[in-house]
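Survey of secondary and tertiary structure
What follows is each chain in one-letter form.
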Amino acid sequence: QKEVEQDPGPLSVPEGAIVSLNCTYSNSAFQYFMWYRQYSRKGPELLMYTYSSGNKEDGRFTAQVDKSSKYISLFIRDSQPSDSATYLCAIEGGANNLFFGTGTRLTVIP
Amino acid sequence: GAVVSQHPSWVICKSGTSVKIECRSLDFQATTMFWYRQFPKQSLMLMATSNEGSKATYEQGVEKDKFLINHASLTLSTLTVTSAHPEDSSFYICSGSLGGLGYGYTFGSGTRLTVV
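Residues numbered from 1 in each chain as written. Chains lettered and ligands numbered in written order. Predicted model: local features only at pLDDT ≥ 70, side-chain atom pairs only at ≥ 80, totals over all residues. Heavy atoms only, no water.

**Thoughts on the sheet that holds strand 3 (residues 19-25) of chain A**
Residue and element names in this part refer to chain A.
- Spatial strand order, 1-3-8-7-6: 5 strands in an open sheet with antiparallel pairing. Each edge of the open sheet is held by one strand with a lone partner, namely strand 1 (4-6) and strand 6 (54-58). Within the sheet, the average angular offset between the axes of one strand and its neighbour, ignoring direction, is 20°.
- In terms of strand pairing, strand 6 meets strand 7 (residues 61-66) through 5 bridges, oriented antiparallel. (Pairing = 2+ DSSP bridges. Helix = DSSP H or I, 4+ residues; strand = E, 2+ residues; numbered from the N terminus. Axes fitted to C-alpha atoms, helices over the stretch in contact; angles between N-to-C directions.)

**Quick look at a nonpolar patch on the surface**
- Taken together, Trp10(B), Ile12(B) and Val116(B) make up a surface patch of nonpolar side chains, about 370 Å² in accessible area.
- Along the chain, Ile12(B) turns up in strand 2 (residues 10-13). (Patch = residues over 30% accessible without salt bridge, like charges linked within 9 Å, V, L, I, M, F, W, Y side chains within 5 Å. Areas by Shrake-Rupley, 256 points an atom, 1.4 Å probe, with all protein chains shown as cover. Salt bridge = Lys/Arg side-chain N within 4 Å of Asp/Glu carboxyl O.)

**Focus on the packing of aromatic side chains**
- Summed over all chains, the structure comprises 12 aromatic pairs over all chains.
- Measuring from ring centre to ring centre gives 5.8 Å for Tyr36(A) and Phe100(A), while their planes differ by 50°; the resulting arrangement is tilted. Linking Tyr36(A) in strand 4 (residues 32-38) with Phe100(A) in strand 10 (residues 98-100), this pair joins segments that are 64 residues apart in sequence.
- For Phe100(A), a relative accessible area of 14% corresponds to the buried category.
- Here Phe100(A) and Phe107(B) contribute two aromatic rings whose centre-to-centre distance is 5.8 Å and whose plane-to-plane angle is 70°, an arrangement assigned as edge-to-face. One end of the pair, Phe100(A), is in strand 10; the other, Phe107(B), is in strand 10 (residues 105-107), on a second chain.
- Put simply, the rings of Tyr25(A), Phe30(A), Phe33(A) and Phe99(A) touch in pairs and so form one group of aromatic residues. (Phe/Tyr/Trp six-rings, centres within 6.5 Å; stacked < 30°, edge-to-face > 60°. Buried < 20%, exposed > 50% of the residue type's maximum accessible area, 1.4 Å probe, protein only.)

**Points about the pairing of strand 9 (residues 85-92) of chain A**
All names here are of chain A.
- Most of strand 9 sits inside the fold, with 8 of its 8 residues counted as buried.
- Note: strand 4 against strand 9, 7 bridges, orientation antiparallel. When the sheet's bridge partners are listed, Gln 38 is paired in strand 9 with Thr 86.
- Direction of pairing for strand 9 relative to strand 11 (residues 104-109): antiparallel, over a ladder of 3 bridges. Bridging from a neighbouring strand, Ala 85 pairs with Leu 106 of strand 11.
- The sheet contact formed by strand 9 and strand 10 spans 3 bridges and is antiparallel.

Here it is, written out as structure tokens:
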């Protein structure tokens, strides 16, 4: 079983829609969860970093962790064409031990 | 915030030659650097982990003699693709650890290598 599973999409939504991106993970001991955004031919940039369960909000982005279900989500409100990118979830499984999802390619249509 | 500068952003080389990719941590000391490879429409594949002043740890299936990693200082790590072949063409990305569990990671902008 992979440490992290992510639906690769692709996902297309109209501008202004709410986007929900999700990952599941296998090890209940994981506690640090990240979402990265990667534009084409660029390195990933960190969007959200959360510890343990709960929600974290930053502008139009909300990261949610449900440790009981081993499920993490990223919500994007009022999506914009500039949000079109690949979104990768990542989980820290120990110091310097990072597991990535496969990434979900998102397209926001104007 | 923490920045990792990666150069070159793209390079084309002839088959059989070697290419060096540099990653510098600009405003923090990266005790640990990670090197990834990414094929089109695929996720990041960890190639190796390097700690400053010691030998890199390579993932299974990655040839350490082909992908030479040097991490001689806390701010510089290099990846040299030796005797490159067309199948080595890929997107290579480095990442610096900001200090261990819970401190996060920052990525370079990537290097697109094309071997002709």
